[in-house]
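# Understanding the architecture of this molecule
Take a look at the letters that make up each chain.
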Amino acid sequence: MLRCNLGSSVKYLAFLPALGRHHILQNRMSTSPNPVAAVCQVTATPDKEANFSACKQLLEEARQRGACMVFLPEGFDYIGSSREETLSMSEPLGGDIISRYTQLARDLDVWVSLGGFHERGHDWENDRRIYNSHVIVNNKGDILSVYRKSHLFDVELPEKATGAAHWEVLLRARAIETQCFVLAAAQVGRHHEKRSSYGHALAVDPWGEVVGDCGGEKPGMVLVEINLDKVNRTRKNMPVQQHRRDTAFYHSMSQTSL
């Protein structure tokens, strides 16, 4: 099992172990039976066509190097320079941009995690609401999952400062506490005059070790083998899952202390 970081939220993905065998890893042939994931970082702008072209190139390269699943970050489709631009450029799930990615997944025979798509809500004409939607596409081009995050895209934060202080620390903590691989795609560099991003798309193993880092300068990817034996060994040697309590236990404790 692995966890895919999606900006400020995290979603579990359990299907990677069922994917392909014998992959190329970091420009060499891997003889491991473990699946390989590509964790990408991009510099999205308000130019949707340029963004698609850049992501398409990353997907093609990842597949050529043996990845069976490719992770793109939140805002892979575009990052608008204003709220109005962000709203006006949004699309429904069945619109052009997702259709192009489902076709690309089918053509390349690769699974794709689209980390945050600007999806128009069902009552768009009345409320102009968009969702920050994580979309999972399989290698047949089917949409298997859509996770609509509760927050929108227009929250302004000092991203580079918070990234440097908290990004790696939080991701390593999530990997350790869940004993999963954590794959965190990211944005990097300047998107427009009002916004830039920290970068450092990361892959973290179940022990909390960073096993891949894209750096903070430019778009790119890291490839990581998802070694399920490492997951099992970690959980066997440190069985924290066995010590978890359900909410009823904590509720009873709080009642006792009153």
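To keep things clear, this report deals only with the structure shown in the data block. Just so it is clear, the structure is predicted and the values come from calculations on it, not from any experiment.

Definitions and cut-offs
- Residues numbered from 1 in each chain as written.
- Predicted model: local features only at pLDDT ≥ 70, side-chain atom pairs only at ≥ 80, totals over all residues.
- Heavy atoms only, no water.
- Helix = DSSP H or I, 4+ residues; strand = E, 2+ residues; numbered from the N terminus.
- Buried < 20%, exposed > 50% of the residue type's maximum accessible area, 1.4 Å probe, protein only.
- Contact = heavy atoms within 4.5 Å.
- Areas by Shrake-Rupley, 256 points an atom, 1.4 Å probe, with all protein chains shown as cover.
- Disulfide = S-S within 2.5 Å.
- Pairing = 2+ DSSP bridges.
- Right-handed = clockwise from strand over helix to strand, strands pointing away.
- Salt bridge = Lys/Arg side-chain N within 4 Å of Asp/Glu carboxyl O.

## A closer look at the overall build of the chain
- When helices and strands are counted, the chain shows seven helices and 15 strands.
- Classification of the 258 residues of the chain by burial places 47% in the buried group.
- Summarising the internal contacts of the chain: among those between residues at least 6 apart in sequence, 69% fall at separations of at least 24.
- In the structure as shown, the chain presents an accessible area of about 12800 Å², 51% of it carried by carbon and sulfur atoms.

## Quick notes on the state of the cysteines
- Using the criterion set out here, one finds zero disulfides in the structure.
- The structure places no disulfide on cysteine 40, whose sulfur is separated from the nearest cysteine sulfur, that of cysteine 214, by 7.1 Å.
- On the basis of relative accessible area, cysteine 40 is assigned to the buried category, the value being 0%.

## As for the pairing of strand E7 (residues 111–120)
- Most of E7 sits out of view: nine of its ten residues are buried.
- Bridge analysis of E7 against strand E8 (residues 130–137) gives seven bridges, and the strand direction is antiparallel. Pairing of phenylalanine 117 across the sheet is with serine 133, part of E8.

## A word on the pairing of strand E6 (residues 69–74)
- Counting buried residues along E6, five of its six residues qualify, which places the element largely inside the surrounding structure.
- Considered for its hand, the β-α-β crossover made up of strand E5 (residues 36–42), helix H1 (residues 48–64) and E6 is right-handed.
- As judged from the five bridges shared by E6 and E7, these two strands associate in the parallel manner. Following the sheet pairing, phenylalanine 71 is matched in E7 by serine 113.

## Let's talk about the pattern of salt bridges
- Counted under the stated rule, the structure contains twelve salt bridges.
- Note that arginine 65 is salt-bridged to glutamate 61, the shortest N-O span being 3.2 Å.
- A cluster of three or more residues bridged by salt bridges with shared partners is formed by Glu49, Asp96 and Arg100.

## Some points on the side chain of threonine 102
- Within the secondary structure, threonine 102 sits in helix H3 (residues 96–108).
- Setting aside residues no more than four positions away along its own chain, threonine 102 makes contact with Val137, Gly141 and Ile143.

## Observations regarding unusual backbone geometry
- With phi around 55°, aspartate 109 is a residue other than glycine that occupies positive phi space.
- Relative to the helices and strands, aspartate 109 is located in the loop between H3 and E7.

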